[in-house]
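# Observations on the three-dimensional arrangement
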Amino acid sequence: VNFRRSLCRISATNNEEASAKAAAANADSGAPTIFDKIIAKEIPSTIVYEDEKVLAFRDVNPQAPVHVLVIPKLRDGLTQLGKAEVRHEQILGQLLYAARLVAEKEGILDGFRVVINSGPDACQSVYHLHLHVLGGRQMKWPPG
Ligand code: TR5
């Protein structure tokens, strides 16, 4: 797992010690994350879509011309998709539908990708469930 995790890019640092610390800090501890501060608007973000349950904002490190994160405003224990429970069914559907609204707003309905990284082997770095909506360029398959 550690070997695989080292393939995940952790922030912009290539300092090993800092990377190890960042990885430890980013483990799924259930602690509040940076996204709580974005939801509370204590940290600025570029909001693309918002409703009662869902917030969508631009990723700070975009991997495509359009790269938007769609998150539940209430995390409710949903730190990662791998921990979803039946009570989360409704919000999971709402997030996916919001991803489609974002794609329409961003003009990428001709082709876009929705990605959820769940857990360390998938390089999840923020433990508040989020969908990545990516588009605006030709996407490749298979993903890395
Ligand atoms: O790696 P996973 O799937 O967990 O995705 C987390 C995403 O959050 C990455 O694509 C990051 O670029 C993104 N991210 C991290 C921060 C951040 C952000 N997007 C917008 N604004 C952000 N702020 C203010 N702070 C971050 N640490």
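Reading the values: the criteria
- Residues numbered from 1 in each chain as written.
- Predicted model: local features only at pLDDT ≥ 70, side-chain atom pairs only at ≥ 80, totals over all residues.
- Helix = DSSP H or I, 4+ residues; strand = E, 2+ residues; numbered from the N terminus.
- Buried ≥ 20, exposed ≤ 12 C-beta atoms within 10 Å, placed from the backbone.
- Contact = placed C-beta atoms within 7 Å.
- UniProt positions renumbered as here; feature names shortened; annotations may be inferred.
- Pairing = 2+ DSSP bridges.
- Axes fitted to C-alpha atoms, helices over the stretch in contact; angles between N-to-C directions.
- Near = placed C-beta within 6 Å.
- Nonpolar A, V, L, I, M, F, W, Y, C, P; charged D, E, K, R; others polar.
- pLDDT = per-residue confidence, 0-100.

For the chain, an unreviewed UniProt entry supplies the name HIT domain-containing protein and the organism Vitis rotundifolia.

## Description of the overall build of the chain
In terms of helices and strands, the chain carries 4 helices and 5 strands. Moving toward the C terminus, one meets the helices and strands of the chain in the order α-α-α-β-β-β-α-β-β. Among the 144 residues that make up the chain, the fraction classed as buried is 22%. Of the contacts formed within the chain by residues at least 6 apart in sequence, a portion of 59% connects residues at least 24 apart.

## Concerning the UniProt feature "active site" (unreviewed entry) in the chain
Residues given the UniProt feature "active site" (unreviewed entry) here are His130. With respect to the helices, strands and loops of the structure, His130 is situated in the loop between strand S4 (112–115) and strand S5 (131–135). Residue class for His130 comes out buried when judged on the 26 C-beta atoms lying within 10 Å of it.

## Considerations on the sheet that holds strand S3 (residues 66–72)
The strand order across the open sheet formed by 5 strands is S1-S2-S3-S5-S4, and the pairing between neighbours is antiparallel. Of all strands in the sheet, those bounded by a partner on one side alone are strand S1 (47–50) and S4. Taken over all neighbouring pairs, the strand axes of this sheet differ in orientation by 20° on average, direction set aside. As paired elements, strand S2 (residues 54–58) and S3 share 5 bridges and run antiparallel to each other. Within S3, the position partnered with Phe57 by the bridge is Leu69.

## Topic: the environment of Ile116
Position of Ile116 relative to the elements: it lies in the loop between S4 and S5. Residue classification places Ile116 among the partly exposed residues on the basis of 17 C-beta atoms within 10 Å. C-alpha of Ile116 to C-alpha of Tyr49: the two residues are 67 residues apart in sequence and 18 Å apart in space. If sequence neighbours within four positions are ignored, Ile116 has contacts with Leu81 and Leu131.

## Examining the site of the ligand
The immediate surroundings of the ligand are formed by Ile34, Ile43, Ser45, Asp59, Val60, Asn61, Leu69, Asn117, Cys123, Gln124, Ser125 and Val126. Taken together, the residues of the shell around the ligand sort by class into 6 nonpolar, 5 polar and 1 charged.

## Comments concerning the confidence of the model for the chain
A residue-level look at the chain finds 85% of positions with pLDDT of 70 or above and a mean pLDDT of 91. Confidence metrics for the complex model read pTM 0.91 and ipTM 0.99.

## Observations regarding the pairing of S3
Across the 7 residues that make up S3, a large majority, 6, are buried. Bridge count for S3 against S5 is 5 bridges, and the pairing is antiparallel. Of the residues in S5, the one forming a bridge with Val70 is Leu131.

## Observations concerning the pairing of S2
Counted residue by residue, S2 has 4 buried out of 5 residues, so it is predominantly covered. The pairing of S1 with S2 spans 3 bridges and is classified as antiparallel. Directly across from Ile47, in S2, lies its bridge partner Phe57. What sits between S1 and S2 in their antiparallel hairpin is a turn of 3 residues.

## Focus on unusual backbone geometry
The omega torsion across Trp141 and Pro142 is 0°, close enough to zero to call that bond cis. By secondary structure assignment, the location of Pro142 is in the segment after S5. The backbone of Lys41 shows a phi angle near 60°, a positive value even though the residue is not glycine. With respect to the helices and strands, the residue Lys41 is situated in the loop between helix H3 (34–39) and S1.

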